[in-house]
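An overview of the molecular structure
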Amino acid sequence: SVVLNRMLRSSSRLLRQSAMTRGGVHRMSTAVLVDKWESPRLPNDVHERNSLYEEEESRTLGSVTASVRHNWTKEEIAQIYGLPFYELMYRASTVHRMYWDPSEVQQCTLLSIKTGGCTEDCSYCSQSTRHKTFVKPTPTMKVQEVLEAARKAKEAGSTRFCMGAAWRELGNKKNAFNHILDMVRGVNGMGLEVCCTLGMLNAEQAKQLKEAGLTAYNHNLDTSPEHYPKVITTRSYEDRLDTIANVRDAGISVCCGGILGLGEQETDRVGLLHVLATLPEHPESVPINALVSVEGTPLGDDGDIDGVDVFDMARMIATARIIMPRTMVRLSAGRLSFSDAEQFLMFQAGANSIFNGEKLLTTANPEFDADTQLFNKLGFSGKPAHKGPQMPQTEQSGDVIITTTEGSKQQYA
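What this report covers is the structure whose coordinates are included nearby. Everything numeric here is computed off the predicted structure, so don't read it as measured data.

The next subject is the overall build of the protein chain. When helices and strands are tallied, the protein chain shows 13 helices and 17 strands. Within the span of the protein chain, comprising 413 residues, buried residues form 56% of the whole. Put simply, 76% of the contacts in the protein chain that link residues at least 6 apart link residues at least 24 apart. With the model as given, the accessible surface of the protein chain reaches about 17,500 Å², and the carbon-plus-sulfur share is 50%.

A few words now on the pairing of strand E6 (residues 160–165). Of all six residues in E6, six are buried; the element is thus mostly enclosed. Burial along E6 is two-sided: the face carrying Arg160, Cys162 and Gly164 and the face carrying Phe161, Met163 and Ala165 are both buried. Bridge count between strand E5 (residues 104–114) and E6: six bridges; the pairing is parallel. The residue of E6 that forms the bridge with Ser112 is Gly164. Both E6 and strand E7 (residues 193–197) contribute to a ladder of five bridges, which runs parallel. In the sheet register, Cys162 faces E7, and the bridge partner there is Cys195.

What follows covers the nonpolar core. Among the nonpolar cores identified, the biggest contains 95 residues, and Phe161, Met163, Ile180, Val184, Leu209, Tyr217 and Met313 are the most heavily contacted of them. Ranked by residue count, the leading element in this core is helix H10 (residues 310–323), at nine residues.

H10 packs onto helix H4 (residues 85–99) with a crossing angle of 45° between their chain directions and a minimal axis gap of 9 Å. With respect to their mutual orientation, H4 and H10 come out oblique. Between H4 and H10 lies a crossing whose hand is left-handed. Across the interface between the two elements, Phe85, Leu88, Met89, Arg91, Ala92, Val95 and His96 from H4 touch Phe311, Ala314, Arg315, Ala318, Thr319, Arg321 and Ile322 from H10. Of the residues that constitute the contact of H4 with H10, the class distribution is nine nonpolar, two polar and three charged.

Now for the environment of Cys125. Secondary-structure assignment places Cys125 in the loop between E5 and helix H5 (143–155). Measuring from C-alpha to C-alpha, the distance between Cys125 and Pro298 comes to 8.8 Å, with 173 residues separating the pair along the chain.

With that out of the way, let us pick up the side chain of Glu284. Here Glu284 shows up in the loop between helix H9 (266–277) and strand E11 (285–290). Side chain to side chain, Glu284 and Arg160 meet in a polar contact 2.9 Å long. Contact partners of Glu284, with chain neighbours within four places excluded, come to Val46, Arg160, Ala216, Ser253, Val254, Thr327 and Met328.

Counted residue by residue, E7 has four buried out of five residues, so it is predominantly covered. Relative to strand E8 (residues 216–218), E7 is paired through two bridges, and the arrangement is parallel. In the strand pairing of E8, Cys195 is matched with Ala216. Taking the sense of rotation as the criterion, the β-α-β connection linking E7, helix H7 (residues 203–212) and E8 turns out right-handed.

Our focus in this paragraph is H4. Given 3.6 residues to a turn, an α-helix orients residues that are three or four positions apart in the same direction. An ideal rise of 1.5 Å per residue puts 21 Å on 15 residues; H4 measures up with 21 Å between its terminal C-alpha atoms. The elements touched by buried residues of H4 are strand E3 (56–61), strand E4 (64–66), helix H3 (74–81), H10, helix H11 (340–348) and helix H13 (393–397).

Not every positive phi belongs to a glycine, and Asp222 is a case in point at roughly 75°. Backbone geometry at His386 places phi at a positive 60°, although glycine is not the residue there. The class of His386 is partly exposed, set by a relative accessible area of 37%.

Rules and cut-offs
Residues numbered from 1 in each chain as written. Predicted model: local features only at pLDDT ≥ 70, side-chain atom pairs only at ≥ 80, totals over all residues. Heavy atoms only, no water. Helix = DSSP H or I, 4+ residues; strand = E, 2+ residues; numbered from the N terminus. Buried < 20%, exposed > 50% of the residue type's maximum accessible area, 1.4 Å probe, protein only. Contact = heavy atoms within 4.5 Å. Areas by Shrake-Rupley, 256 points an atom, 1.4 Å probe, with all protein chains shown as cover. Pairing = 2+ DSSP bridges. Core = buried A, V, L, I, M, F, W, Y, C linked by side-chain atoms within 4.5 Å. Axes fitted to C-alpha atoms, helices over the stretch in contact; angles between N-to-C directions. Parallel < 35°, antiparallel > 145°, perpendicular 65-115°, else oblique. Left-handed = near helix turned anticlockwise from the far one by under 90°. Nonpolar A, V, L, I, M, F, W, Y, C, P; charged D, E, K, R; others polar. Polar contact = N/O pair within 3.5 Å; in protein donor to acceptor, adjacent residues only side chain to side chain. Right-handed = clockwise from strand over helix to strand, strands pointing away. Expected span 1.5 Å × (residues − 1).

Next comes the structure, spelled out in structure tokens:
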């Protein structure tokens, strides 16, 4: 197998594979001898990983067929989103097992390196200067303070360290940007993957972050294009898409998702998913957040907005998993409000990444110890840093049927 040999070429693993071929449909029958404690892993770089499957059309397991597509219509996504809950969960869980090992969950830690004082008017955000909240502006943290926090996160089991700064854009903040580049280099030097969320970026800034060792960049779309102006007026939707394009063009993995609980309708949730699923490349990761209401913000003070429950979150996660099967779906803000059993439901829906640590920028989050206990209870293991995801068990066992384009049979034979 060219696909498997690319992954295993530099190791001492022994691969034996046979493929039965009929009309471009291949049932993988694979016996892989690997190191005693580790299954085969795919490449860590999302572009390299996806390139292995360029000739793949679809995967089928049981009665469920899935594929990586960029031409989804809103109607198709709405139909999936509106499935009876039991059917949606079944399909999403099956798709998850076709493309991922469901026992492996990425653990990320988010640190606010510059809190408050943001000039944007995001109606959910406690860090805006336009809202009177408990958050007091603080200067950018020193490089060594950030590296110490990263060290503690690594010791606690995190493998990706994310740094967030509350400002509209980097702009001409040259000194601050140079310090951030030093932070990225330092965290990367610890063996951790590095993510930043710093507002809008231009192409040159994205290039410099890539050269410093940045793994991923988070820039959420928050909601649908139609609902967005009701939430934010100081930055356009197109501004956000431009930053995502700059990040993608620099070769940095894109982390982009949204927030539930902004007063949106279900059509807006479908609209957000439609934008994400029709990007030129699906994001490497899609964080799904539940709004954590903060007193003093317009949305925090609006008593007419319905809260977000576990069924809202699971339905959103499951739909994202089905339409973007190779994307990591991250269970993000709001996780503290859900019980262990409710979180398990969201993992079953297809979530395979979390933020851990005691705080997400300015709001509470489960502490490291609580997450360790949760992982032990559910039988999960953390994804190692700088290592790709494990090959799905269904692919190793030959249970998944992979359909390829004509002329690519040698890729699997």
